[in-house]
Amino acid sequence: QVQLVESGGGLVQAGGSLRLSCAASGHTFGNYNVGWFRQAPGKEREFVGVISRNGASLYYADSVKGRFTISRDNAKNTVYLQMNSLKPEDTALYYCAARMGFVVGAAEYDYWGRGTQVTVSS
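What you are looking at is a predicted structure, and each value in this text was computed from that prediction instead of being measured.

Draft legend 1. Region of interest: the overall build of the protein. Counting its regular elements, the protein contains 0 helices and 11 strands. The linear arrangement of helices and strands in the protein, starting from the amino end, is β-β-β-β-β-β-β-β-β-β-β. In summary, the protein has a C-alpha radius of gyration of 13 Å against a globular reference of 14 Å for 122 residues, a match within 12%. If you line up the protein on its principal axes, its C-alpha atoms span 40 × 25 × 25 Å. Buried positions account for 44% of the 122 residues belonging to the protein. Summarising the internal contacts of the protein: among those between residues at least 6 apart in sequence, 56% fall at separations of at least 24. Accessible surface, the protein as shown: approximately 6300 Å² in total, 47% of it carbon and sulfur.

Draft legend 2. Just unusual backbone geometry, in detail. Non-glycine residue Asn-77 carries a positive phi angle of around 55°. On the secondary structure map, Asn-77 appears in the loop between strand E7 (68-73) and strand E8 (78-83). Phi is positive for Ser-85, close to 50°, though the residue is something other than glycine. Tracing the backbone through its elements, the reader meets Ser-85 in the loop between E8 and strand E9 (92-99).

Draft legend 3. Spotlight on the packing of aromatic side chains. Scanning the model with the defined rule gives 7 aromatic pairs in all. Each ring, one from Phe-37 and one from Trp-112, has its centre 5.0 Å from the other, and the planes form 45°; the classification is tilted. A residue pair is termed long-range when its members are at least 10 positions apart, and Phe-37 in strand E4 (residues 33-39) and Trp-112 in strand E10 (residues 111-112) qualify at 75 residues. Residue classification places Trp-112 among the partly exposed residues on the basis of a relative accessible area of 29%. On the basis of an interplanar angle of 25° and a centroid distance of 6.1 Å, the ring pair of Phe-47 and Tyr-59 is categorised as stacked. Of the two residues, Phe-47 sits in strand E5 (residues 46-51) while Tyr-59 sits in strand E6 (residues 58-60), which places them 12 residues apart along the sequence. Three or more aromatic residues joined by ring pairs form one cluster here, namely Phe-37, Phe-47, Tyr-59, Tyr-95, Tyr-109 and Trp-112. Over the ring of Tyr-80 we find Arg-19; its NZ or CZ atom is 4.4 Å from the centre of that ring. Over the ring of Tyr-109 we find Arg-99; its NZ or CZ atom is 5.5 Å from the centre of that ring.

Draft legend 4. Expanded view of the sheet that holds E7. Read from one edge to the other, the open sheet built from 4 strands follows the order E1-E3-E8-E7, with strand pairing classed as antiparallel. Two strands lie at the open edges of the sheet, namely strand E1 (4-7) and E7, each paired on one side alone. Strand-to-strand twist of the sheet, defined as the mean angle between neighbouring strand axes without regard to direction, takes the value 15°. As paired strands, E1 and strand E3 (residues 18-24) are joined by 4 bridges and run antiparallel to one another. By the bridge assignment, Ser-7 is partnered in E3 with Ser-21.

So, how was this worked out
Residues numbered from 1 in each chain as written. Predicted model: local features only at pLDDT ≥ 70, side-chain atom pairs only at ≥ 80, totals over all residues. Heavy atoms only, no water. Helix = DSSP H or I, 4+ residues; strand = E, 2+ residues; numbered from the N terminus. Rg over C-alpha atoms; globule rule 2.2 N^0.38 Å. Buried < 20%, exposed > 50% of the residue type's maximum accessible area, 1.4 Å probe, protein only. Contact = heavy atoms within 4.5 Å. Areas by Shrake-Rupley, 256 points an atom, 1.4 Å probe, with all protein chains shown as cover. Phe/Tyr/Trp six-rings, centres within 6.5 Å; stacked < 30°, edge-to-face > 60°. Lys NZ or Arg CZ within 6 Å of the ring centre and 35° of its normal. Pairing = 2+ DSSP bridges. Axes fitted to C-alpha atoms, helices over the stretch in contact; angles between N-to-C directions.

Here it is as structure tokens:
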């Protein structure tokens, strides 16, 4: 019932910045908590961060804490992932996902986007 489309990925040099967008269909996007995940070739999917339905609660993985920021604009049905001070190890396919409950560490999300590629060169 909910479609998610990520955008904003690309190639950037180490130390640079990118902002990813997760656009959702419908006008009930504000009912969902949204998480960001990433997966590099040959590695398991990694949790990046999550934002609550009203944006009041945020949680980030230690690997990105202080560098990445999640925000949302429910009027635009969009969640953002601002990535600063990018490192080569941040290179991955980035996904957004939506679920009803705010549960840090949960792998079970109801809806997933298809991902957008982020490549960080040294």
